[in-house]
Amino acid sequence: MNKKSGLFITGIVIGLIAVALVALGNPKNMGFCIACFIRDTAGAIGLHRAEPVQYIRPEIIGLVLGSFIMAMAGKEFMPRGGSAPFTRFVLGAGVMIAALVFLGCPLRMLLRIAGGDVNAIVGLVGFICGIAVGVVFLNKGYSLKRTYKLVSSEGYALPVIQVVLFILLLAAPAFIFFSESGPGSMHAPIIAALIAGLVVGALAQKSRICMVGGIRDVIMFKDWTLVMGFVGILVACAVGNIVLGNFHVGIKGQPVAHIDGLWNFLSMVGVGIGSVMLGGCPLRQLILASEGNTDSAITVAGYLVGAAISHNFKLASAATAIAEDGTISGGPTAGGKIAVIIVIVVCVIIAVANMPRSEKDSVSPEGAAVGVQGV
Amino acid sequence: MKTIDARGLSCPQPVLMTKKAADTGLDEIVVLVDNPTAKGNVSRFAANAGYEVFDVENDGEYTLTLKK
């Protein structure tokens, strides 16, 4: 099987799993969403107190463990890090804040499009624009520099934390918060969600599927390989939604979405730029973190804190609701709009700060890493 | 011949560095990478750019020799 077919089939399986998870209880058009599920987990462990979005999502636990097991089996588990970790933390938090203004990560953006949500198409346009800006940075030499080998325990930390979270989910002690209403209260059975996560994690590790990388490679190298996963998800999820009667084309009345076009666009511009600068979408960062990449693990910690900031400071959007008298409520908050602008500005500042100002600053192609590898 | 040390760099940088070297018209480029993703991406780019790719693995590091 060639790489394109492998990615397309991976996309098909992920798309079908997302449809199945909705049928089993997850919110509509949210069968699998990295941003939403990390946000729910942040709420469950009390990092924010937004009552409708608190639940330890087994999908994330499964995703990390599935990828970890696959990486171990394939001898691809390699603890490494040291490539501008705190910058990555900040970018991770920024990507999450912007994603929660849109109401979803790039994966959920696809699932929303596959459910007929036109607002997500606006988001996709913004996402592509953001990636294009990120590509300009890369072509100008933007780099967070090299990673280095680390001790094994660094790589094991994230998978171990997932096991602890799973125990907390099953034990449900009083200090863990679980939503009684809202999206956090809607979930597939634990075992089904865990298995779904394990399968997606294993497939994503093997195929290297990435929502950002696909579009980035098309723009940079005219390489359509990675984007095939993107297409597979879209096709499978759309077909699944049509079969199950969950496909409704429109702007208003879409599940867990708002109708403010400008902020759907700009928030995904922020997600696109930030994700290119990080080297991958939130899904890909979780997979890399599971392979022992601590830079990605720190990025995931950034997502977690970003989610907490979003809800503690009311930056996350509320889904649009239309009352019987036609009154529209919800949408992006004033704080959320300001936050998206700040995220984009911070991305630009970080990009400029990490571009070579002289030959000396650029990543030397002739062997700067020799001698420091293995530290 | 040119040697590119892309060890420790995450994609797309190894591919970008290879592309810059390939764009100068070199017939032989050696690329050092240290993760399977970079190895796969550089190899795919090189094959699409008309290079034959020979790879040698040593303790998790890969030496990719690209020849036209």
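The structure this text deals with has already been given above.
On a predicted model such as this, the values are computed, not experimentally measured, just so you know.

Chemist: Looking at this structure, I do not really get the pattern of salt bridges. What am I missing?
Modeler: Any two side chains of opposite charge can pair if their charged atoms end up close together. Under the definition given, this model contains 12 salt bridges over all chains. Two residues, R216 of chain A and D217 of chain A, come together in a salt bridge whose shortest N-O distance is 3.1 Å. Note that R7 of chain B is salt-bridged to D5 of chain B, the shortest N-O span being 3.0 Å. For R7 of chain B, a relative accessible area of 10% corresponds to the buried category. Look at the salt bridges and you will find they share partners, linking R146 of chain A together with D5, R7 and E61 of chain B into a network.

Chemist: In this structure, what is going on with the sheet that holds strand β4 (residues 61–67) of chain B? I would like to understand it.
Modeler: Whenever strands of a sheet pair, they do so through backbone hydrogen bonds, lying parallel or antiparallel. Residue and element names in this part refer to chain B. Spatially, the four strands line up as an open sheet ordered β1-β2-β4-β3, and their pairing is mixed. Of all the strands in the sheet, the pair left with one neighbour each is β1 (2–5) and β3 (52–58). Each adjacent strand pair in this sheet contributes to an overall mean axis angle of 15°, direction not counted. Sheet topology note: the β1/strand β2 (residues 28–33) ladder contains four bridges and is parallel. Bridged to I4 within β2 is V31. Across the sheet, helix α2 (residues 36–48) lies against β2, β3 and β4, angled at about 5° from β4, the strand it touches most.

Chemist: I keep staring at helix α1 (residues 13–23) of chain B and nothing clicks. Help me out?
Modeler: Since the α-helix advances by 3.6 residues per turn, residues separated by three or four positions end up pointing in the same direction. Most of α1 of chain B sits out of view: eight of its 11 residues are buried. Residues of α1 of chain B that are buried: Q13, P14, V15, L16, M17, T18, A21 and A22 of chain B. Those residues of α1 of chain B hidden inside the fold are in contact with α6 (118–139) and α9 (211–221) of chain A together with β1, β2, α2 and β4 of chain B. Looking at the residues trailing α1 of chain B, positive phi occurs at G25 of chain B, about 85°.

Chemist: Can you help me understand the packing of aromatic side chains in this one?
Modeler: How two aromatic rings sit relative to each other is given by the distance of their centres and the angle of their planes. Residues and elements named next belong to chain A. Tallied over the entire structure, the rule returns seven aromatic pairs over all chains. With centroids separated by 5.3 Å and ring planes inclined at 90°, the aromatic side chains of F68 and F77 adopt a geometry described as edge-to-face. Each of the two residues, F68 as well as F77, counts as buried. Aromatic ring contacts, followed pair by pair, group F68, F77 and Y156 into a single cluster. Residue placement shows R112 over the ring face of F102; its charged tip is 4.3 Å from the ring centre.

Chemist: Explain the packing of helix α1 (residues 3–23) of chain A against helix α8 (residues 190–207) of chain A here, please?
Modeler: Describing two packed helices takes the angle between their axes plus the distance from one axis to the other. All names here are of chain A. Between α1 and α8, the least distance of the axes is 10 Å, while the angle of their chain directions is 165°. The angle between α1 and α8 falls in the class roughly antiparallel. Along this stretch, α1 crosses α8, giving a crossing that reads as left-handed. Residues K3, L7, T10, V13, I14, I17 and L21 of α1 touch α8, and the partners they reach there are A192, A193, A196, V199, V200, L203, K206 and S207. Among the residues making up the contact of α1 with α8, the classes are represented as 11 nonpolar, two polar and two charged.

Chemist: What should I look at first to understand helix α5 (residues 106–114) of chain A in this one?
Modeler: Within α5 of chain A, nine of the nine residues are buried, which leaves the element mostly enclosed by the surrounding structure. What α5 of chain A keeps buried is the set P106, L107, R108, M109, L110, L111, R112, I113 and A114 of chain A.

Chemist: Teacher, can you tell me more about the interface of chain B and chain A here?
Modeler: When the parts of a complex come together, some accessible area is lost, and that lost area is often taken as the interface size. Opposite the 24 residues of chain B that make contact, chain A presents 32 residues. Linking chain B to chain A there are three salt bridges. Between R44 of chain B and D223 of chain A there is a salt bridge, and its shortest N-O distance comes to 3.0 Å. Taken together, the elements giving at least two residues each to the side of chain B that touches chain A come down to β1, α1 and α2 of chain B. At six residues, α1 of chain B tops the list of elements feeding residues into the side of chain B that touches chain A.

Chemist: Could you clarify how one ought to interpret the side chain of H48 of chain A in this entry?
Modeler: All names here are of chain A. Of note, H48 is situated in the loop between α2 (34–44) and α3 (58–73). There is a polar contact of 2.9 Å between the side chain of H48 and the backbone oxygen of R39. Apart from residues no more than four positions distant in its own chain, H48 is found in contact with R39, A42, G43, V53, Q54, A307, A308, H311 and N312.

Chemist: Would you mind going over the environment of A316 of chain A with me for this structure?
Modeler: Residue and element names in this part refer to chain A. Here A316 lies in the loop between α13 (294–312) and β3 (318–322). A residue is classified by how much of its surface remains accessible, and A316, at 12% relative accessible area, is buried. Remark: the alpha-carbon pair of A316 and P52, spanning 264 residues in sequence, is separated by 13 Å. Apart from the residues within four sequence positions on either side, A316 is in contact with L100, S310, H311 and T333.

Each value, and the rule that gives it
- Residues numbered from 1 in each chain as written.
- Chains lettered and ligands numbered in written order.
- Predicted model: local features only at pLDDT ≥ 70, side-chain atom pairs only at ≥ 80, totals over all residues.
- Heavy atoms only, no water.
- Salt bridge = Lys/Arg side-chain N within 4 Å of Asp/Glu carboxyl O.
- Buried < 20%, exposed > 50% of the residue type's maximum accessible area, 1.4 Å probe, protein only.
- Pairing = 2+ DSSP bridges.
- Helix = DSSP H or I, 4+ residues; strand = E, 2+ residues; numbered from the N terminus.
- Axes fitted to C-alpha atoms, helices over the stretch in contact; angles between N-to-C directions.
- Contact = heavy atoms within 4.5 Å.
- Phe/Tyr/Trp six-rings, centres within 6.5 Å; stacked < 30°, edge-to-face > 60°.
- Lys NZ or Arg CZ within 6 Å of the ring centre and 35° of its normal.
- Parallel < 35°, antiparallel > 145°, perpendicular 65-115°, else oblique.
- Left-handed = near helix turned anticlockwise from the far one by under 90°.
- Nonpolar A, V, L, I, M, F, W, Y, C, P; charged D, E, K, R; others polar.
- Polar contact = N/O pair within 3.5 Å; in protein donor to acceptor, adjacent residues only side chain to side chain.

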